[in-house]
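Next come the chains, spelled out residue by residue.
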Amino acid sequence: MIRERIEELRRQLDYHNHKYYVENAPEISDFEFDAMMHELQRLEAEHPEYADPTSPTMRVGSDLCAEFQTVRHRYPMLSLGNTYSTDELHEFIERIEREVGPTEYVCELKFDGTAISLTYEHGRLTQAVTRGDGVAGDDVTANVRTIRSVPLRLRGEGWPELFEIRGEILMPYASFDRLNAEREANGEQLFANPRNAAAGTLKQQASSVVARRGLDCTLYQLAGDRLPFTNHWGSLQKAREWGFKVSEHMRICRNTEEVDAFIAHWDEARRSLPFPTDGVVIKVNDFAMRRRLGFTAKAPKWAVAYKFKAEQALTRLESVSFQVGRTGAITPVANLDPVLLAGTTVRRATLHNAEQMAQLDIRPGDMVYVEKGGEIIPKITGVELAERPADSRPFEYITCCPVCHTPLVRYEGEAKHYCPNQSGCRPQIIGRILHFIRRKALDIEGLGEETVELLYDNGLLHDISDLYDLKAEQLAPLPRLGEKSAENIIRSIRRSTEVPFRRVLFGLGIRFVGETTAKYLADHFRSLEAVMQASREELVEADEVGGKIADAILEYFADAENRRIIERLRRAGLQFETATRELASEALAGRSFVVSGRFSRSREEMKELIEQHGGRNLSAVSGNVDFLVAGEKMGPEKRKKAEKLGVRILSEEEFLKMLETGADPQEEVPAAETHSAVPAQQASGESAADRPDPRQGELF
Ligand code: IVH
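Predicted, not measured: the structure shown is a model, and the values here were computed from it.

A. Focus on the pairing of strand β4 (residues 114-121). Across the 8 residues that make up β4, a large majority, 7, are buried. Pairing analysis gives 8 bridges linking β4 to strand β7 (residues 162-170), with the strands arranged antiparallel. Note on β7: the bridge partner recorded for Ser 117 is Arg 166. In sequence, β4 turns back onto strand β5 (residues 124-130) through a hairpin of 2 residues, with His 122 there showing a positive phi of about 50°.

Next comes the structure, spelled out in structure tokens:
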């Protein structure tokens, strides 16, 4: 009874989800949809035995941190040859016709997002992997499940038992604008363009964050062995029937004129699309012909991407100013005669660094080409030399900081100049304080840029440690503050002493130590003391920390001023240690697990048990995994892979026994030997000989 109701709700929700997110034609109200979703969530919570990763409830994501496993692609994800020139495009078509005769081309939009490969087994989404280096990518299944237009279960019939479908994960402009507006309000760094935002979102650790970001997914290519299609067009029509979002904006073209017309149309019409595109992809339709045409080392010979030119404008460079960032990095900025470009008026553009300026030989008074390559900040791409004033002379880059006049320095391997006066240069000090208080760091509310500048200029705030000596009476008289805001700020500062160590470490603003690196450092060293005492060799032992980061950390702590600030922060009571959670036992310490299939309790509970007993959860079977806990209905592929890699397989019962004793219940091989039993080349994935011919599947 309950089980049927659960299945019925899942079917209904899948149907309406597809109507809304794929077809853009909802049949029921959000309210009705939510009511069904809540009923399903309640039933699933009450009956964990019916849990299913393809249930629509899984689309809300989870707050658990994912560790992305690297997965080898069954068929490599190739790239496309590309061109900006119609002549080259015509040559491409001529070459094809020389080799296989007149043929049909499918013209599609080139979506400007991030590539993804989805695996479906028995009509269910089982894996989503990023392109990575084309040979192996990151398993981002949990995140992709939250994208509403990706079907978790297929509709219709006739889908192959196992196949992959590839496409692009996109962030529509509306989601992008909303996301950046939110980030701006929180003082967070903005995403430069929807492509970066889509890629960044997909690598988010918590899938619940992905669920809220409004990603979309359009599919354009099937891959598999012996797929039942003879051409591309037909395969995509079928994919659409199975519930995938396949672009409406495709056309079959039979000659260069038709291809040119498709391009000319979309070069203009793309401006009114709700998502970003950067060109047109032209593909031979017929699979038999594709086979004859074959591949180069990197790309198929039967397809090419024609890229749209970025919009350009020509305007005068009035002057160059220089910005000083919180790390002291100097960025030259062009002040332009205002010009209309892609719908907005552009007044400033980045010039990147001295080298870039020298390369362009850019001089004030020049007429320059400005481009908006989908970036927030437009850039200058060239100079119109024909219009250069006769008396112009090469631009001389500054040698001293424009603010504090300290001579600038260049670090090896860095294109930018830096002002080394960290403790005395106003924009650097203010930038560091703003970084420290931002939401992802100490999350101190109520202090904006202007207030921080004011506090600094009034001598109340010289560095981040001064924050903890501020008094409400000092803040209240400042413009736009008053007593109430002053008290809120003080309360928020006090609350920040409870912010976890990893965020404090991030907040210090050590060069190259971003949010993720700070987390890895905090996990590895567990206290600031330990980070400070670590040698270069010890630092690079932490995940994701290389020589460059290690050097920056050493340099930071070698500075007496930084050590003084840290001492004051310590006295203010900030968290300088990673909180250890109370473990139920250490039975599983040092061992890693993958949990798969159905159990008498939910999979989340199984994972929680593993962590409570000191173990580590990983999301996919690889050489790094010690145990695969196999529940009912676990896929045979997983078992096979585990067996091949020498990963021990435990039943639920054996696993529970292990919790009690800490000993591996299958005694014949001691647990400590499982790692060494796996040869290195196997640990990184399957060997090439075991996989189907990579080219075979890519044809379809
Ligand atoms: S087909 C073997 N079709 O462009 C070729 N790719 O520059 C498979 N892309 O990695 C790709 N829109 O991420 C294809 N309609 C489209 C596309 C498309 C965007 C991306 C894709 C690919 C990159 C190659």
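Next comes the rest of the description.
B. Up close: the sheet that holds strand β21 (residues 627-630). Strand order across the open sheet formed by 4 strands is β20-β19-β21-β22, with parallel pairing between neighbours. Only two strands of the sheet have a single neighbouring strand rather than two, namely β20 (616-617) and β22 (648-650). Inspection of the sheet shows strand β19 (residues 592-596) paired to β21 by 4 bridges, in the parallel sense. Each residue of the ladder has a partner; that of Phe 593, found in β21, is Phe 627.

C. Geometry of the site of the ligand. Inspection of the region around the ligand gives 12 residues, with Glu 108, Leu 109, Phe 111, Glu 168 and Tyr 220 positioned closest. Note that a nitrogen atom of the ligand is positioned 3.0 Å from one of the backbone N or O atoms of Leu 109. Between Tyr 220 and the ligand, the recorded distance is 3.2 Å, taken from a side-chain N or O atom to an oxygen atom. Out of a free accessible area of 530 Å², the ligand has 90% covered by protein chains. Among the elements of the structure, β3 (105-111) and β10 (277-284) are those that each provide at least two residues to the shell around the ligand. Considering each element in turn, the shell around the ligand owes the most residues, 4 residues, to β3. Its residues assigned to classes, the shell around the ligand comprises 7 nonpolar, no polar and 5 charged.

D. Looking closely at helix α24 (residues 652-661). Of the positions making up α24, those classed as buried are Glu 652, Phe 655, Met 658 and Leu 659. On an axial view of α24, the arc spanned by its buried residues comes to 115°, and they lie on one face. For α24, the exposed residues lying more than 90 degrees away from the buried face are Glu 653, Glu 660 and Thr 661. Those residues of α24 that are buried lie in contact with β19, α22 (603-612), β21 and β22. Directly after α24, the chain includes Gly 662, whose backbone phi takes a positive value near 80°.

About the cut-offs
- Residues numbered from 1 in each chain as written.
- Predicted model: local features only at pLDDT ≥ 70, side-chain atom pairs only at ≥ 80, totals over all residues.
- Heavy atoms only, no water.
- Buried < 20%, exposed > 50% of the residue type's maximum accessible area, 1.4 Å probe, protein only.
- Helix = DSSP H or I, 4+ residues; strand = E, 2+ residues; numbered from the N terminus.
- Pairing = 2+ DSSP bridges.
- Near = heavy atom within 4 Å.
- Polar contact = N/O pair within 3.5 Å; in protein donor to acceptor, adjacent residues only side chain to side chain.
- Areas by Shrake-Rupley, 256 points an atom, 1.4 Å probe, with all protein chains shown as cover.
- Nonpolar A, V, L, I, M, F, W, Y, C, P; charged D, E, K, R; others polar.
- Arc of directions from axis to C-beta.
- Contact = heavy atoms within 4.5 Å.

In short, shape yes, function no, at least from these values alone.
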